[in-house]
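# Chains, contacts and geometry: an overview
What follows is each chain in one-letter form.
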Amino acid sequence: KQEVTQIPAALSVPEGENLVLNCSFTDSAIYNLQWFRQDPGKGLTSLLLIQSSQREQTSGRLNASLDKSSGRSTLYIAASQPGDSATYLCAVKGNNDMRFGAGTRLTVKP
Amino acid sequence: GAGVSQSPSNKVTEKGKDVELRCDPISGHTALYWYRQSLGQGLEFLIYFQGNSAPDKSGLPSDRFSAERTGGSVSTLTIQRTQQEDSAVYLCASSLWGSGTGRQETQYFGPGTRLLVL
């Protein structure tokens, strides 16, 4: 069974700092990997999706990389802002399921 | 355009009762997913529908849980004989395709149904 782990569980940084969130998974047989953000009491918003054949995706200040062979993905956030404060979840899609990590709770202090 | 909608937004029920949760995916989306998120826990995958294919039910936590998708659109998640441990937020998501490329597989989530079993 696929297991997804996110490190760190929580992160607090001052505004403007660049940061990296980590995601690892145990089964490299995946279709894609997605990064989401979840704001308190709200649903999930998709940030980036990386196909299994791709190595990275970029959207604005966000960059996600995927190393399928080693079972790792990173989400890089440049020039962090207080509005980036949320829980970030990574999820891997297998043949018939989706497995989520427990998330990294990010706080960006003004 | 309209996003994924779920109803009810909140449901309080007594232990042992049956509940039905509804999900309306984005029009034209062929893939639909159900998850649950218990307090302080991560998302737990429940079931996934792709087009008219029979879903893999192995992710459902017990035989009290069932889901169907009528006409390839609206989906209902039914929990029979509810237990207190069923209390959670039940989330539904849809995507254009379940095995396409890039944006076709991006999942759009509904606001969830918060279920409380007393």
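Residues numbered from 1 in each chain as written. Chains lettered and ligands numbered in written order. Predicted model: local features only at pLDDT ≥ 70, side-chain atom pairs only at ≥ 80, totals over all residues. Heavy atoms only, no water.

### Some points on the state of the cysteines
All names here are of chain A.
- Per the stated rule, a full pass over the model turns up two disulfides over all chains.
- One disulfide bridge connects C23 with C90, the sulfur atoms lying 1.8 Å from each other. With the S-S dihedral at roughly 50 degrees, the linkage between C23 and C90 falls on the right-handed side. In this pair, C23 is assigned in strand β3 (residues 19-25) and C90 in strand β9 (residues 86-93), connecting sequence segments 67 residues apart. With respect to burial, C23 and C90 carry one shared label: buried. (Disulfide = S-S within 2.5 Å. Helix = DSSP H or I, 4+ residues; strand = E, 2+ residues; numbered from the N terminus. Buried < 20%, exposed > 50% of the residue type's maximum accessible area, 1.4 Å probe, protein only.)

### Remarks on the side chain of N63 of chain A
Residue and element names in this part refer to chain A.
- Along the chain, the position of N63 falls in strand β7 (residues 62-67).
- In this structure the side chain of N63 is engaged in a polar contact, spanning 2.8 Å, whose partner is the side chain of T58.
- Ignoring any residue separated from it by four or fewer positions in sequence, one finds N63 in contact with L48, E56, Q57, T58, T74, L75 and Y76. (Polar contact = N/O pair within 3.5 Å; in protein donor to acceptor, adjacent residues only side chain to side chain. Contact = heavy atoms within 4.5 Å.)

### Details of the interface of chain A and chain B
- Contacts between the two partners involve 16 residues from chain A and, on the opposite side, 17 residues from chain B.
- On the surface where chain A and chain B come into contact, there are zero salt bridges.
- If you list the elements that add at least two residues to the side of chain A that touches chain B, you get β4 (32-38), β5 (44-51), β9 and β10 (98-100) of chain A.
- Residue composition of the side of chain A that touches chain B, grouped by class: six nonpolar, eight polar and two charged. (Salt bridge = Lys/Arg side-chain N within 4 Å of Asp/Glu carboxyl O. Nonpolar A, V, L, I, M, F, W, Y, C, P; charged D, E, K, R; others polar.)

### Details of the sheet that holds strand β3 (residues 19-24) of chain B
Residues and elements named next belong to chain B.
- In spatial order, the strands read β1-β3-β7-β6; together these four strands make up an open sheet with antiparallel pairing. The sheet terminates laterally at β1 (5-7) and β6 (65-69), the two strands that pair on one side only. Averaged over all pairs of adjacent strands, the angle between strand axes in this sheet comes to 15 degrees, irrespective of strand direction.
- Bridge count between β6 and strand β7 (residues 75-79): five bridges; the pairing is antiparallel. In the sheet register, S66 faces β7, and the bridge partner there is T78. (Pairing = 2+ DSSP bridges. Axes fitted to C-alpha atoms, helices over the stretch in contact; angles between N-to-C directions.)

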